[in-house]
Amino acid sequence: MSLLQIVKYPNEILEVECETVTTFDRKLAKLLNDMYDTMLEEDGVGLAAPQVGIAKQVAIVDIGDDTGLIELVNPIILEQRGEQIGPEGCLSFPGLFGEVIRYDYIKVRAQNRKGKTYIIEARGFLARAIQHEIDHLHGVLFTSKVNRYYEEGEIEG
Ligand SMILES: [Zn+2]
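What you see is a predicted model; the values in this text were computed from it and never measured.

J.: Is there a simple way to explain the nonpolar core in this structure?
T.: One finds Met 35, Ala 49, Ala 59, Ile 60, Val 61, Leu 72 and Ile 130 to be the most contacted residues of the largest nonpolar core, which totals 26 residues. Of all the elements in the fold, those that place two or more residues in this core are helix H1 (26-41), strand E1 (46-48), strand E2 (58-61), strand E3 (70-81), strand E6 (105-111) and helix H2 (124-136). Looking at this core, the element that brings in the most residues is H2, giving five residues.

Structure representation (structure tokens):
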């Protein structure tokens, strides 16, 4: 197990368009494994490769529900509908929480670590987490979508 260093804002890698993954090798598998260990260590529900200093279209999400770990390589949102409003945070912005509007439902096409294409549908908080991570892969940070920031203690951790 290797823990990776989380890139904190401001760092320009957080705001670049990430490169498409074309090689599905052991290096990618190790990156995904290390990202997972790092996300658990940091108590996150998602992590994108640029947050560990790698500008590639790789992200993981695990909100602790029955879905388990989702590995998103080159993800694309195919369908989206509805709206949800709720709190959001980011490991690259420690201690910062803001209210963000997201689609309530999304249908996403992505590849797994072996390059196999799959489709996943998500609603609610899982959909929120996936949208947050996909934004990272395009250099979009949640702070650009915040309606208002929460005061310390306003939301329970
Ligand atoms: Zn984030």
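Structure shown, so let's carry the discussion forward.
J.: Can you help me understand the sheet that holds strand E5 (residues 93-102) in this one?
T.: One key point about sheets: their strands pair by backbone hydrogen bonds, in either a parallel or an antiparallel sense. One open sheet holds the three strands; their spatial order is E4-E5-E8, and the pairing between them is antiparallel. Strands at the two margins of the open sheet, each flanked by one partner only, are strand E4 (84-90) and strand E8 (146-149). Each strand axis lies, on average, 35 degrees off the axis of its neighbour in the sheet, ignoring direction. Relative to E8, E5 is paired through three bridges, and the arrangement is antiparallel. Bridge assignment links Gly 98 to a residue of E8, and that residue is Tyr 149. The strands that H2 touches are E4 and E5; relative to E4, the one it contacts most, it runs at about 50 degrees.

J.: Can you help me understand the environment of Arg 128 in this one?
T.: Structurally, the position occupied by Arg 128 is in helix H2. When the C-alpha positions of Arg 128 and Gln 84 are compared, they lie 8.3 Å apart, and in sequence the two are 44 residues distant. Discounting residues that sit within four places of it in the chain, Arg 128 has contacts with Gln 84, Gly 86, Glu 88 and Arg 102.

J.: Sorry, what's going on with the environment of Tyr 149 here?
T.: As for its position among the elements, Tyr 149 is in strand E8. Assessed through the 12 C-beta atoms surrounding it within 10 Å, Tyr 149 is described here as exposed. Remark: the alpha-carbon pair of Tyr 149 and Glu 88, spanning 61 residues in sequence, is separated by 9.5 Å.

J.: Quick question: what am I supposed to make of the sheet that holds E3 here?
T.: Spatial strand order, E1-E2-E3-E6-E7: five strands in an open sheet with antiparallel pairing. Two strands lie at the open edges of the sheet, namely E1 and strand E7 (117-123), each paired on one side alone. Averaged over neighbouring strand pairs, the angle between their axes works out to 35 degrees when direction is ignored. Relative to E2, E1 is paired through three bridges, and the arrangement is antiparallel. Residue pairing across strands places Leu 47 opposite Ile 60, the latter belonging to E2. Packed onto the sheet, H1 meets E1, E2 and E3 and runs at close to 40 degrees relative to E2.

J.: Sorry, what's going on with unusual backbone geometry here?
T.: Among all residues save glycine, negative phi is the norm, and among peptide bonds the norm is trans. Of note, the bond from Tyr 9 into Pro 10 is cis; its omega dihedral lies within 30 degrees of zero at 0 degrees. Of note, Pro 10 is situated in the segment before H1. A positive phi angle, close to 60 degrees, is found at Asp 43, a residue other than glycine. Of note, Asp 43 is situated in the loop between H1 and E1. Within the chain, Asn 74 stands out as a residue other than glycine whose phi angle is a positive 55 degrees. Tracing the backbone shows Asn 74 in strand E3. Using a count of 19 C-beta atoms within 10 Å as the deciding quantity, one classes Asn 74 as partly exposed.

Conventions we followed
Residues numbered from 1 in each chain as written. Predicted model: local features only at pLDDT ≥ 70, side-chain atom pairs only at ≥ 80, totals over all residues. Core = buried A, V, L, I, M, F, W, Y, C linked by C-beta atoms within 7 Å. Buried ≥ 20, exposed ≤ 12 C-beta atoms within 10 Å, placed from the backbone. Helix = DSSP H or I, 4+ residues; strand = E, 2+ residues; numbered from the N terminus. Pairing = 2+ DSSP bridges. Axes fitted to C-alpha atoms, helices over the stretch in contact; angles between N-to-C directions. Contact = placed C-beta atoms within 7 Å.

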